[in-house]
Amino acid sequence: MFFIISFVLFFSIFQSSLSNEINLYTTRHYEADYEIYRKFQNITGIKVNVVSGKSKPLEKRIIEEGKNCKGDLFFLADAGRLYSAEKKNLFQKIKSSLLNEKIPTHLRNDYWYGITKRARIIFYNPEYINSEKIKNLNYEDLGNKEWNDSIAIRQSNNVYNQSLVASLIYNLGEKKTSEWLENFVNNFYKTPMGNDRAQILAVAAGEAKLAIANTYYYALMLSGKKGKSQQEAAKKVKPLFPNKNNRGTHINISGIGVLKHSPNKINAIKFLEFLVSEEAQIHLSKNSFEYPIVENIEIPEILKLISKEFKEDKDTPVEIYGKFQTRSFNLMLEKKWN
Ligand SMILES: [Fe+2]
């Protein structure tokens, strides 16, 4: 009997040490992500099992599964969401000098790592607005009277907007941000609705003068991957990178943390390290039109064309988007940003 139990025990330990896989929970739905997972599998022999969904249900699932959660990694868009998962105690700290060396300090923390980067910028239609006149625009200027009834932006429950406001609280303080928000919300051209691409379309159609949206949506429209009519609309619109004469343009990330009860931690770290390799970074940027998280990686032609005036804010740690999220959201609601 003793021998049988020992054998079963030995066999199950032996089997789990051989388990050549990782379980990735992700909120991203890009086909290109799956291609890079397959590439990782081909190189290392480690199979990537993907569970995809929206951030809240996945978060809930991980919490409910607790110690039995088979997930190794959680991939989320926006530092605010990563921070939220961290505060719910979903992640564990890992050690990787490679990740620390390749990912700039302000784009990671002890629990999660930026994998790609995006900028939240302004779009305008040069048919209605003189490029010269607005070339030095700052986010702070969007509260000025001249932009009354002009600005297209999505709702306050959108995490990208909460992160943008959090970056203003960090840089200007809460009092100034609150004053700015009051005027900014007054400048909306209509009650916010729709996604980032809808805001760009409103500017293309001449309904709004300025739109705020993430860079990759615009690049995606320009690429033709969203159809001919969106491509034509995007061509009418120009990007403007705010705050280029001071702290630089607001940056956010898509990033990953290793889950607390990860059964395949070593493989998970290998996977993270693969995602910051030159090959993976080029692939992700080429297909999602996000910026590589690693410096000096070749970006696709469309991104090069639109990013000529891009000066990135490298002084604001993205972690503060999570820390200030509640304060940001409350301020936005207080100022009647729906
Ligand atoms: Fe997005």
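For the structure itself, look to the data block above.
On a predicted model such as this, the values are computed, not experimentally measured, just so you know.

## Focus on the overall build of the protein
In step 1: A count of helical and extended segments in the protein gives 16 helices and nine strands.
In step 2: Relative to its length of 338 residues, the protein is compact, with a C-alpha radius of gyration of 22 Å against a globular reference of 20 Å.
In step 3: For the protein, the spread of C-alpha atoms along the principal axes amounts to about 85 × 40 × 35 Å.
In step 4: Looking at the protein as a whole, 55% of its 338 residues are labelled buried.
In step 5: Within the protein, contacts between residues separated by at least 24 positions form 79% of all contacts whose residues are at least 6 apart in sequence.
In step 6: As presented, the protein carries roughly 15,900 Å² of accessible surface, and 52% of it is formed by carbon and sulfur atoms.
In step 7: The distance from the centre of the 49 positive side-chain charges to the centre of the 37 negative ones in the protein is 3 Å.

## Thoughts on the pattern of salt bridges
In step 1: This structure, assessed with the given rule, holds 27 salt bridges.
In step 2: For K88, the salt bridge is made with E59, and the minimal N-O distance between the two is 2.8 Å. Within this pair, whereas K88 is found in the loop between α4 (79-87) and α5 (97-102), its partner E59 is found in helix α3 (residues 55-65), the two being separated by 29 residues in sequence.
In step 3: With relative accessibility at 37%, the residue K88 sits in the partly exposed group.
In step 4: Across the pair R154 and D196 runs a salt bridge, and its minimum N-O distance is 3.0 Å. With a gap of 42 residues between them, R154 in the loop between β5 (151-152) and α7 (159-172) and D196 in helix α9 (residues 196-204) connect regions that are remote in the sequence.
In step 5: Judged by its relative accessible area of 16%, R154 falls in the buried class.
In step 6: Within this structure, R28, D33, R118 and E290 form a network of salt bridges that share partners.

## Some words on the packing of α3 against α4
When two helices pack together, their arrangement is captured by the angle between the axes and the distance separating the axes.
In step 1: It is at 11 Å that the axes of α3 and α4 come closest, and there the two elements cross at 15°. Comparing their axes, α4 and α3 come out roughly parallel. In this structure, α3 meets α4 at a crossing whose hand is right-handed. Contacts between α3 and α4 involve S55, K56 and E59 from the first element and R81, S84 and A85 from the second.

Reading the values: rules and limits
- Every residue gets a number counted from 1 within its own chain, in the order that chain's sequence is written.
- At least 70 in pLDDT is required for a residue's local features to be given in this predicted model, at least 80 for side-chain atom pairs to be given and counted, and no such filter applies to totals for whole chains, interfaces and linings, which use all residues.
- Values shown for side chains rest on all heavy atoms present in the structure; no hydrogens or waters enter the calculation.
- Helical segments are the DSSP runs of H or I of at least four residues, strand segments are the runs of E of at least two, and each set is numbered from the N terminus.
- The size measure is the radius of gyration over C-alpha atoms, and the globule rule it meets is 2.2 Å times the number of residues to the 0.38 power.
- Only protein chains enter the area calculation, which uses a 1.4 Å probe; residues under 20% of their type maximum are buried, those over 50% are exposed, and those in between are partly exposed.
- Between two residues, a contact is recorded if the distance between any of their heavy atoms is within 4.5 Å.
- Shrake-Rupley sampling with a 1.4 Å probe provides the accessible areas, and residues are treated as covered by the protein chains on show and by no other component.
- When charges are counted, Lys and Arg are positive and Asp and Glu negative, with His and the chain ends excluded.
- Where a charge sits is defined by one atom per residue type, namely NZ (Lys), CZ (Arg), CG (Asp) or CD (Glu).
- What makes a salt bridge here is a side-chain nitrogen of Lys or Arg within 4 Å of a carboxyl oxygen of Asp or Glu, nothing more.
- Each axis is a line fitted through C-alpha atoms, and for a helix only the stretch in contact is used; angles between axes span 0 to 180 degrees, taken between their N-to-C directions.
- Angles below 35 degrees are treated as roughly parallel, those above 145 as roughly antiparallel, those between 65 and 115 as roughly perpendicular, and all remaining angles as oblique.
- Should the near helix be turned counterclockwise from the far one by less than a right angle, the crossing is left-handed, whereas a clockwise turn marks it as right-handed.

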